[in-house]
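# Structural description and commentary
Listed here are the chains, written in short residue letters.
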Amino acid sequence: MKPFKPITIAGGGIGGLSLGIGLRQRSVDVQLHEAGAYPRHRVCGEFISGKGWQIIQSLGLEKALLDAGAVEARTFKCYGPDRISQVLPLPSPALCLSRFRMDAYMADEFVKLGGKLFTQKSADPSMRDQAEGWVWAKGRQPASSRKYGWIGFKCHVTAYPLQADLEMHFGNDGYVGLCRVEHDKINVCGLKRMDEKLETLTPQKRCTQWALASMHESRKRDLQESTVLEETICYTAGLSYRNQATSSAKAWIGDQRTRIPPFTGNGMSMALESAQIAVEPIHAYATGNLTWPIACQKMGLMMRKQFRARVAFANLFQHILMTDGPLNPKNVLIKHLPWIYPHLYRWTR
Ligand SMILES: Cc1cc2nc3c(=O)[nH]c(=O)nc-3n(C[C@H](O)[C@H](O)[C@H](O)COP(=O)(O)OP(=O)(O)OC[C@H]3O[C@@H](n4cnc5c(N)ncnc54)[C@H](O)[C@@H]3O)c2cc1C
């Protein structure tokens, strides 16, 4: 038998790591370069819904993540500026675990399976973007321009009495989601339009002020009285949710290929799905059954087919959610949520 051709993955987030695990489970020779180190906190709602959970099961990771403290979310409640929904059942349960734990666990698993992991090692895309055997999973690159005026923020708090497994608050200038993760901690994560006044506050104040800016009045006090775990605070500025035009011939997965607005709670699932799509064509290349350009073309076309409608719908929906005015669509949506949400959920997954 001919030896496997080697694969290098640039980026060790959930997309790169799950691809690495999937390829090692098929004995492909893989090395992964990660610019940062593990464990580390990341701006993320830490809520995996839709097909992502099934992929975690198919990779054999579910039990270990539940043992690491992952929590199932089964209900949600939405808050608009002037309306509150009932507690509603999620169409399918979601898995909630901090990225601090999840990425570190997946990195260990990759190494246990024989993958070679290099941390604090940045790959240079200008050199190798088209190089054979290189897969790019660098995530969303921050936009340099301030015209993409979104800030993503996250922190964990304790002693916040959640009213449902997931609370979603849609304010006038952003949104924030709260869900329970391991050890009874509550992840508070959202998007907020940049605001010069809030940017001058200390990190701890900024994070809670950003969250409070989108929260319903009735829940603010509970957040103010909760305890913020300082080491978990992180944020990222200059976020854009425009997808850059990607040639299907590139070996790009996860956010680097396709981004979906975060309120859907589906970006991690899409990173896992794109990694799952990539495994077979890359395996076929590694075993000499496909050329690299054909393998890239195949995976690109499959990802486009799988994600196109979902992303278009989510972008439209995010635009509606961020529109204000006398007929505030957030309030209208929340009023009709009990009959509309199963469709919204399905269309964004
Ligand atoms: C505010 C907010 C809330 C969100 N909430 C949710 C949610 O609740 N549920 C959900 O499913 N999704 C959510 N998402 C989206 C989710 O975080 C992403 O879709 C997901 O992390 C994408 O995974 P990825 O592997 O493609 O990229 P990432 O997880 O971003 O990983 C990319 C990795 O590449 C590394 N890297 C970057 N450059 C280089 C380089 N040159 N060389 C080597 N390594 C490099 C980075 O250090 C990083 O570790 C949210 C996003 C935001 C902004």
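Further up the page is the structure itself.
What this report covers is the structure whose coordinates are included nearby.

About the cut-offs
- Residues numbered from 1 in each chain as written.
- Predicted model: local features only at pLDDT ≥ 70, side-chain atom pairs only at ≥ 80, totals over all residues.
- Helix = DSSP H or I, 4+ residues; strand = E, 2+ residues; numbered from the N terminus.
- Buried ≥ 20, exposed ≤ 12 C-beta atoms within 10 Å, placed from the backbone.
- Contact = placed C-beta atoms within 7 Å.
- Axes fitted to C-alpha atoms, helices over the stretch in contact; angles between N-to-C directions.
- Parallel < 35°, antiparallel > 145°, perpendicular 65-115°, else oblique.
- Left-handed = near helix turned anticlockwise from the far one by under 90°.
- Nonpolar A, V, L, I, M, F, W, Y, C, P; charged D, E, K, R; others polar.
- Pairing = 2+ DSSP bridges.
- Right-handed = clockwise from strand over helix to strand, strands pointing away.
- Near = placed C-beta within 6 Å.
- Expected span 1.5 Å × (residues − 1).
- Arc of directions from axis to C-beta.

## A word on the overall build of the protein
A tally of regular secondary structure across the protein gives 12 helices and 12 strands. Within the protein, the fraction of its 349 residues that count as buried is 45%. Considering only residue pairs separated by 6 or more positions, the protein has 75% of its internal contacts joining residues 24 or more positions apart.

## Looking at the packing of helix H9 (residues 267-286) against helix H10 (residues 292-321)
Here H9 crosses H10 at 155°, and the two axes come no closer than 9 Å. Between H9 and H10, the angle falls in the class roughly antiparallel. Viewed along their axes, H9 and H10 form a crossing whose handedness is right-handed. Seen from H9, the contacting residues are Met270, Glu273, Ser274, Ile277, Ala278, Pro281, Ile282, Ala284 and Tyr285; seen from H10, they are Trp292, Ala295, Lys298, Met299, Met302, Met303, Gln306 and Phe307. Across the contact of H9 with H10, the residue classes tally to 13 nonpolar, two polar and two charged.

## Quick look at the pairing of strand S2 (residues 30-33)
Sheet topology places strand S1 (residues 7-10) next to S2; four bridges connect them, and they run parallel. Bridge pairing in S2 places threonine 8 opposite glutamine 31. In terms of handedness, the path from S1 via helix H1 (residues 14-24) over to S2 forms a crossover that is right-handed.

## What to know about the site of the ligand
Surrounding the ligand, one finds 37 residues, the nearest of these being Gly13, Gly45, Gly139, Gly254 and Gly267. For the shell around the ligand, the secondary-structure elements that each account for two or more residues are H1, strand S3 (47-48), strand S11 (186-193) and H9. The element that contributes the greatest number of residues to the shell around the ligand is H9, accounting for four residues. Of the residues in the shell around the ligand, the class split is 15 nonpolar, 17 polar and five charged.

## Structural notes on helix H4 (residues 99-112)
Taking 1.5 Å as the rise per residue, H4 with 14 residues should run 20 Å; its terminal C-alpha atoms sit 19 Å apart, in good agreement. Of all the positions in H4, only Arg99, Phe100, Met102, Asp103, Tyr105, Met106, Ala107 and Phe110 are classed as buried. Structurally, H4 contributes buried residues whose contacts are with H1, S2, helix H3 (62-67) and strand S6 (116-118). Immediately downstream of H4, the backbone of glycine 114 shows phi near 100°, a positive value.

## So, the packing of helix H2 (residues 51-58) against H9
The N-to-C vectors of H2 and H9 enclose an angle of 50°; their axes lie 8 Å apart at closest approach. The angle between the axes of H2 and H9 places the two elements in the oblique class. Considering how the two elements wind past one another, H2 and H9 form a crossing that is left-handed. For the pair H2 and H9, contact is made by Lys51, Gly52, Ile55 and Ile56 and by Met268, Ser269, Leu272, Glu273 and Gln276, respectively. Here the contact of H2 with H9 is built from residues that sort into four nonpolar, three polar and two charged.

## Concerning unusual backbone geometry
Residue proline 39 is bonded to the preceding tyrosine 38 through a cis peptide linkage, with omega at -10°. The topology assignment puts proline 39 in the loop between S2 and S3. The backbone of serine 27 sits at a positive phi, close to 65°, despite the residue not being glycine. Relative to the elements of secondary structure, serine 27 occurs in the loop between H1 and S2. At alanine 159, a residue that is not glycine, the phi angle is positive and equals roughly 65°.

## Topic: H2
Among the residues of H2, Gly52, Trp53, Ile55 and Ile56 are the ones counted as buried. All buried residues of H2 fall inside an arc of 160° around its axis, so they share one side. The secondary structure elements touched by the buried residues of H2 are H1, S3, H3, strand S5 (88-96) and H9. The first or second residue beyond H2 is glycine 60, which carries a positive phi of 80°.

## A look at the sheet that holds S1
Strand order in this open sheet of four strands is S6-S2-S1-S7, and the pairing throughout is parallel. The open sheet is flanked by S6 and strand S7 (134-136), the only strands paired with a single partner. Sheet twist, expressed as the mean angle between neighbouring strand axes with direction ignored, is 20°. Pairing of S2 with S6, which is carried by three bridges, proceeds in the parallel orientation. In the strand pairing of S6, histidine 33 is matched with phenylalanine 118. This element, H1, spans S1, S2 and S7 of the sheet and lies at about 170° to S2.

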